[in-house]
Amino acid sequence: MKKYFISSLLAFSTLFASAQGEVTIKTYPQQANQKISKHIYGHFAEHLGTCIYGGLWVGENSSIPNEKGYRKDVLEALKKLQIPNLRWPGGCFADEYHWMDGIGAKESRPKMVNNNWGGTIEDNSFGTHEFLNLCEILDCEPYISGNVGSGSVEEMAKWVEYMTSDGDSPMANLRRSNGRDKAWDVKFFGVGNESWGCGGNMRPEYYADLYRRYSTYCRDYDDNRLFKIASGASDYDYNWTEVLMKNIGHRMSGLSVHYYTITEWGEGKKGSAIDFTNDEYYWIIGKCLEIEEVLTKHMDIMDKYDKDKRIGLMVDEWGTWFNEEPGTIRGHLYQQNSMRDAFVAALSLNIFNKYGDRIQMANIAQLANVLQSMVLTKDDKMTLTPTYHVFEMYKAHQDATHIPIDLTSDTREIRGRNINTVSASVSQKGDAVNLTLTNIDLETDRKIVIDLPNPKAKNVNGRILTSKNITDHNTFEQPNLVKPEVFKDAKIRNGKLELTIPAKSILALEVQ
Ligand code: AHR
């Protein structure tokens, strides 16, 4: 009976979806007054599973081709993304990490147990130098997560001094003795992570006081100016944001929030990353889009205490979280990545782009081999995920001016809400207007007409990411099943861009 009800409902919503008309997008370039911070396109690499060891770092003596210990294939792929910032060393790992264990001669670095993630032995061969040098190679800003949960104020203060002081100070001299003369540029500094959970199970009032204490001793050395980020709420915990805004206020430059697209927390309850039904696909899309309402509620609270929007909202962990792939090590969070993940990335980025007045950073979790990753590696093999391709296609939005839009589309009912089948984001950099568009519908194409903000434009270049099945994904054997192709079906006519976006596809267009 229940089954019959669900399939009737599905048939109805499919019918409803196919009864769609033309999608229209009006653009308002006169109202464009916000930049899309490039830091919204940020990343996260934790000492978790094979994200660092095997994914990014193999060591100089490895038979896997490497540049000073970093995998060459991964470096090359990441450079194409123009990564703006990279968060490290966690995550939960950050609140058990003691940075002094990760400096000096590799053979004398102490080992530890990675209690959060499968009890793996961490040999500390990838530490502060290895991370900050990687950021220099990738030309991205480091974002360090400091240890509040199990570390001392002194330990945190000394870490900042070690990384950023150029003077004749004890920690700067220790750094020099370890082979690095010049201080690194470190701007983003997180004072704890998930302090309500793995970062110490604190109450917000207690954490707010600790934040004030720890952050006092994170000094600005020489010309370095730290952008201090407080450990923020988990998705729907609005009280955490309220208490921190009230009690920390402008002592923080940023406040984080974490939101994962997840079916249900708990061992084995999160569903498979690649073996799912159409129903499960739409459910995940609905859950992903709920982030907009969650962020808006946090931003409303921030507005109450910070009318001038001086404090940034940093979505420093987001993305899909599915069951670990069968046969992989428990606690390593290794998951595959399908066209569905590409949609979660594209829809989330379209949302973040809209709120540039408050959202100053976002970091998808995580860079390699963990959760919604950019690359998957196995021994000397690497494959790019569908999510990687979205980040690559969307990079034109980085630091561009956001153009407000009005989008009229048919909707589909998902998780009790009417969701537009088409989503879009528009930005401008110089003469180029960049548009990213998604059609979440699995069956029906959509005709779209867009009022161009640059009506005299003559040329349009486009790329499309789509695949036969929504469950399609790349593997080491078939690494190019899901990859962008040239899209030629967009035409400029009388100052308008006209195109048909195929079912289940993501488009990136540049109009000039
Ligand atoms: O990204 C995986 C984990 O998710 C992080 O370590 C933690 O901050 C969050 O709970």
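See the structure printed just above.
If you're wondering where the values come from, they're calculated on a predicted model, not measured in any experiment.

### Side note on the site of the ligand
Neighbouring the ligand are the residues Phe44, Glu46, Gly91, Cys92, Trp117, Asn193, Glu194, Tyr260, Glu317, Trp321, Gln366 and Leu371. The contact in question runs from an oxygen atom of the ligand to an N or O atom on the side chain of Tyr260, over 2.8 Å. Taking Gln366, its side chain carries an N or O atom lying 3.1 Å from an oxygen atom of the ligand. Look at the ligand: alone it shows 280 Å² of surface, and the protein chains cover 94% of it. Residues of the shell around the ligand, tallied by class, amount to six nonpolar, three polar and three charged.

### Examining the state of the cysteines
For the structure on display, the rule yields one disulfide. Each sulfur in the disulfide pair Cys92 and Cys198 lies 2.2 Å from the other. Between Cys92 and Cys198, the S-S torsion sits near -85°, and that sign places the bridge as left-handed. Note that Cys92 is positioned in the loop between strand E6 (85-88) and strand E7 (112-114) and Cys198 in the loop between strand E10 (188-191) and helix H6 (204-216), a separation of 106 residues in sequence. The class of Cys92 is buried, set by a relative accessible area of 11%. Cys135 supplies the cysteine sulfur nearest to Cys51, a cysteine that is in no disulfide, at a spacing of 12 Å. Its relative accessible area of 0% is what places Cys51 among the buried residues.

### A few points about the environment of Tyr214
Position of Tyr214 relative to the elements: it lies in helix H6. Residue class for Tyr214 comes out buried when judged on its relative accessible area of 6%. Residues Tyr214 and Arg87, spaced 127 residues apart in sequence, show a C-alpha to C-alpha distance of 19 Å. Excluding anything up to four places from it in sequence, Tyr214 contacts Asn147, Val148, Gly151, Ser152, Val153, Met156 and Val191.

### Quick look at the pattern of salt bridges
Should the charged atoms of two oppositely charged side chains come close, the side chains can pair. Scanning the entire structure with this criterion turns up 33 salt bridges. Ionic pairing is found between Lys297 and Glu293, a salt bridge with its closest N-O pair at 3.4 Å. Residue Lys297 and its partner Glu293 are located together in helix H9 (residues 291-305), separated by four residues, close to a single helical turn. We classify Lys297 as partly exposed; its relative accessible area is 38%. Across the salt bridge formed by Arg417 and Glu293, the nearest N and O atoms sit 2.5 Å from each other. With Arg417 in strand E20 (residues 417-420) and Glu293 in helix H9, this pair connects stretches of sequence that are 124 residues apart. Accessibility expressed as a relative area gives 33% for Glu293, which makes it partly exposed. One continuous salt-bridge network, built from bridges that share partners, spans Glu290, Glu293, Lys297, Arg415 and Arg417.

### Focus on helix H11 (residues 386-394)
Most of H11 sits out of view: nine of its nine residues are buried. Taken together, the buried positions of H11 are Pro386, Thr387, Tyr388, His389, Val390, Phe391, Glu392, Met393 and Tyr394.

### Regarding the sheet that holds strand E14 (residues 359-365)
Pairing within the closed barrel is parallel, and its eight strands lie in the order E3-E6-E9-E10-E11-E12-E13-E14. Neighbour-to-neighbour, the strand axes of the sheet open up by a mean angle of 30°, direction not taken into account. In terms of strand pairing, strand E9 (residues 141-146) meets E10 through four bridges, oriented parallel. Bridging from a neighbouring strand, Gly146 pairs with Val191 of E10. Across the sheet, helix H7 (residues 238-247) touches strand E11 (227-234) and strand E12 (254-261), and the angle it forms with E11 is around 150°. Running at roughly 165° to strand E13 (residues 312-320), helix H10 (residues 339-354) makes contact with E12, E13 and E14 of the sheet.

### Points about the pairing of strand E16 (residues 381-384)
Within a regular strand, the side chains alternate between the two sheet faces. Bridge analysis of strand E15 (residues 375-378) against E16 gives four bridges, and the strand direction is antiparallel. Pairing of Thr377 across the sheet is with Met382, part of E16. The hairpin formed by E15 and E16 contains two residues between the paired strands, and Asp379 there has a positive phi angle of roughly 50°.

### Description of the packing of aromatic side chains
If you walk through the whole model with that rule in mind, you get 22 aromatic pairs. When the ring of Phe188 is compared with that of Phe227, the centres are 5.3 Å apart and the planes differ by 75°; the resulting orientation is edge-to-face. Separated by 39 residues along the polypeptide, Phe188 in strand E10 and Phe227 in strand E11 bring together distant segments of the chain. Since its relative accessible area comes to 3%, Phe188 is described here as buried. With a relative accessible area of 13%, Phe227 lands in the buried category. Aromatic ring contacts, followed pair by pair, group Trp57, Tyr70, Trp88, Phe93, Tyr97, Trp99, Phe126, Phe131, Trp159 and Tyr162 into a single cluster.

Each value, and the rule that gives it
- Residues numbered from 1 in each chain as written.
- Predicted model: local features only at pLDDT ≥ 70, side-chain atom pairs only at ≥ 80, totals over all residues.
- Heavy atoms only, no water.
- Near = heavy atom within 4 Å.
- Polar contact = N/O pair within 3.5 Å; in protein donor to acceptor, adjacent residues only side chain to side chain.
- Areas by Shrake-Rupley, 256 points an atom, 1.4 Å probe, with all protein chains shown as cover.
- Nonpolar A, V, L, I, M, F, W, Y, C, P; charged D, E, K, R; others polar.
- Disulfide = S-S within 2.5 Å.
- Helix = DSSP H or I, 4+ residues; strand = E, 2+ residues; numbered from the N terminus.
- Buried < 20%, exposed > 50% of the residue type's maximum accessible area, 1.4 Å probe, protein only.
- Contact = heavy atoms within 4.5 Å.
- Salt bridge = Lys/Arg side-chain N within 4 Å of Asp/Glu carboxyl O.
- Pairing = 2+ DSSP bridges.
- Axes fitted to C-alpha atoms, helices over the stretch in contact; angles between N-to-C directions.
- Phe/Tyr/Trp six-rings, centres within 6.5 Å; stacked < 30°, edge-to-face > 60°.

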